[in-house]
Amino acid sequence: MLILRCPARLQRLEDALRRSLPRALPVYGAVLNINRGNPGDFEVAVDAWPDFGAVLARRSGEAPVDDCYWNLQAAFYRDVGAYRALLETPGCLRWDAAFHIFGLQDGVATVSQDIAAAKGVELEVSEYYTYLHPDPSTLPEPQLDPDVRLGTLSRAHVELLDSTWAYGGNAWSRRYLGELLERFPSLCLLGRAGEPLCWALTDGFAAGAHGFTLPSQRRRGLMRVLTALAARRALTRGFPAYGHTATGNGAMQRLQEALGHRRLPGLCRFVLHNPALARAAP
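Below you will find a few notes about this structure. Just so we're clear, the structure is a prediction, and the values are computed from it rather than from any experiment.

1. Focus on the overall build of the chain
Here's step 1: Looking only at helices and strands, the chain features nine helices and 13 strands.
Here's step 2: Relative to the 2.2 N^0.38 estimate, which gives 19 Å for 282 residues, the radius of gyration of the chain is 19 Å and therefore close to what a compact globule would have.
Here's step 3: In terms of overall dimensions, the chain has C-alpha extents of about 55 × 40 × 35 Å along its principal axes.
Here's step 4: A total of 282 residues make up the chain; the buried ones form 54% of that total.

What follows is the structure, encoded as structure tokens:
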């Protein structure tokens with residue numbers, strides 16, 4: 001295992017991942033951020049260089065054993081055997097901690113399942129569709145209602161975001177959301193009094209995330225406006241316009257398809273290792 005730190009190697013990795021899109025999207029998004037100032041303090045681990053067979057993108061440093069929000073890793077492999085070997089390399093992962101690995105390839109889940117079975121580690125797998133807009137420049141400039149204005153979020157909004165997030169409700173989720181707000185772009189639509197009505201964040205893998213509209217504000221087309229704006233801004237920054245949508249969220253799937261996003265083949269699987277530890281978070 002090798003942690004890539006040399007800027008020239010990281011640029012070479014970015015170029016290689018671009019040629020492997022869309023399967024490499026989450027890792028590619030993380031490397032784009034790393035090569036543009038690394039606002040999330042990420043690192044990438046490869047099995048070998050320059051002829052790598054597998055890559056993990058993740059936060060650098062060590063997280064508390066029960067913090068599966070910090071300990072979130074995106075995976076991409078050219079060879080599933082190399083990916084398995086990388087995960088089994090001593091020091092690559094803490095198998096006694098709560099952590100997520102996710103990716104767009106089937107082996108991301110099956111390799112974790114095989115290794116976890118041998119180690120007696122419990123897993124939970126969540127499945128999502130991944131949507132990518134092929135050309136956000138074709139999206140028209142959205143028109144805002146007169147009583148709505150565009151804004152951004154800050155740490156002052158963490159409690160609101162955490163209370164409306166299905167995976168929130170603990171100290172680690174609030175820290176995670178606060179760091180996203182500080183380190184990565186966000187958009188929100190504000191009401192007359194400046195209160196957030198609808199919002200969308202960007203995570204460390206350059207994916208649109210945590211989109212939500214207050215129940216009282218739904219059916220006004222607010223999320224449609226925000227999704228189009230976010231895609232156009234991602235294009236301006238040189239990033240892909242993509243995100244993961246729950247398989248049961250038909251409304252968001254239809255909205256993205258209406259805007260021209262394409263659903264990628266297969267599923268994005270988030271594999272939570274040691275979920276009991278994660279549930280014990282403070």
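2. Notes on the side chain of Asn71
Here's step 1: By the secondary structure assignment, Asn71 is in the loop between β3 (54-59) and β4 (72-77).
Here's step 2: Setting aside chain neighbours within four positions, we find Asn71 in contact with Ala97, Ala98, Phe99 and His100.

3. Some details on empty space enclosed by the protein
Here's step 1: For the structure shown, the criterion picks out one cavity of 30 Å³ or more.
Here's step 2: Here the largest cavity is characterised by a volume of approximately 170 Å³.
Here's step 3: The element that contributes the greatest number of residues to the lining of the largest cavity is helix α6 (residues 171-183), accounting for six residues.
Here's step 4: Among the residues making up the lining of the largest cavity, the classes are represented as nine nonpolar, two polar and six charged.

4. Here's the deal with the packing of aromatic side chains
Here's step 1: Tallied over the entire structure, the rule returns 12 aromatic pairs.
Here's step 2: Taking the centre distance of 5.5 Å and the plane angle of 80° together, the rings of Trp95 and Phe99 count as edge-to-face.
Here's step 3: The class for Trp95 is buried, based on a relative accessible area of 12%.
Here's step 4: Consider the rings of Tyr128 and Phe270, whose centres lie 5.3 Å apart with planes at 70°: the pair is edge-to-face. Placement of the pair is Tyr128 in strand β6 (residues 123-132) and Phe270 in strand β13 (residues 268-273), with a sequence separation of 142 residues.
Here's step 5: Clustering of aromatic rings is evident, with ring pairs tying together Phe42, Phe102, Tyr128, Phe205 and Phe270.
Here's step 6: A cation over an aromatic ring shows up here: Arg218 above the ring of Phe212, its NZ or CZ 5.1 Å from the ring centre.
Here's step 7: Taking the ring centre of Phe239 as reference, the NZ or CZ of Arg237 above it sits at 4.2 Å.

5. Describing the pattern of salt bridges
Here's step 1: Per the stated rule, a full pass over the model turns up 17 salt bridges.
Here's step 2: Among the ionic pairs, Glu14 bridges to Arg36, the shortest N-O distance being 3.1 Å. Taken as a pair, Glu14 in helix α1 (residues 7-18) and Arg36 in the loop between α2 (25-34) and β2 (42-46) lie far apart in primary sequence, 22 residues in all.
Here's step 3: With a shortest N-O distance of 3.2 Å, Arg269 and Glu127 are connected by a salt bridge.

6. With respect to unusual backbone geometry
Here's step 1: Along the chain, Leu21 connects to Pro22 via a cis peptide bond; the corresponding omega equals 5°.
Here's step 2: For Pro22, the position within the fold is in the loop between α1 and α2.
Here's step 3: Each neighbour pair has its own omega, and for Trp49 with Pro50 the value is 5°, a cis peptide bond.
Here's step 4: The topology assignment puts Pro50 in the loop between β2 and β3.
Here's step 5: The phi dihedral of Arg219 is positive, around 70°, even though this residue is not glycine.

7. Quick word on the environment of Pro185
Here's step 1: With respect to the helices, strands and loops of the structure, Pro185 is situated in the loop between α6 and β8 (186-190).
Here's step 2: Among the residues examined, Pro185 registers a relative accessible area of 32% and is labelled partly exposed.
Here's step 3: Here Pro185 is in contact with Leu201, Thr202 and Arg237, once residues within four sequence places are set aside.

8. Things to note about α1
Here's step 1: Taking 1.5 Å as the rise per residue, α1 with 12 residues should run 16 Å; its terminal C-alpha atoms sit 16 Å apart, in good agreement.
Here's step 2: Looking at α1, one finds that the buried residues are Leu10, Leu13, Glu14, Ala16 and Leu17. All buried residues of α1 lie within an arc of 165° about the axis, which places them on one face of the element.
Here's step 3: Where α1 is buried, its residues contact β1 (2-4), α2, β2, β3 and β4.

9. Here we look at helix α3 (residues 80-88)
Here's step 1: Those residues of α3 that sit buried are Ala82, Tyr83, Leu86 and Leu87. Seen end-on, α3 carries its buried residues on one side only, within an arc spanning 135°.
Here's step 2: Against β2, β3, β4, β5 (99-103) and α4 (106-119) lie the buried residues of α3.

Rules and cut-offs
Residues numbered from 1 in each chain as written. Predicted model: local features only at pLDDT ≥ 70, side-chain atom pairs only at ≥ 80, totals over all residues. Heavy atoms only, no water. Helix = DSSP H or I, 4+ residues; strand = E, 2+ residues; numbered from the N terminus. Rg over C-alpha atoms; globule rule 2.2 N^0.38 Å. Buried < 20%, exposed > 50% of the residue type's maximum accessible area, 1.4 Å probe, protein only. Contact = heavy atoms within 4.5 Å. 1 Å grid on protein atoms, 1.4 Å probe; cavity = no way out; pocket = protein on both sides within 12 Å on 5 of 7 lines; lining within 4 Å. Points joined across faces, edges and corners; volume = space filled by probe spheres on them. Nonpolar A, V, L, I, M, F, W, Y, C, P; charged D, E, K, R; others polar. Phe/Tyr/Trp six-rings, centres within 6.5 Å; stacked < 30°, edge-to-face > 60°. Lys NZ or Arg CZ within 6 Å of the ring centre and 35° of its normal. Salt bridge = Lys/Arg side-chain N within 4 Å of Asp/Glu carboxyl O. Expected span 1.5 Å × (residues − 1). Arc of directions from axis to C-beta.

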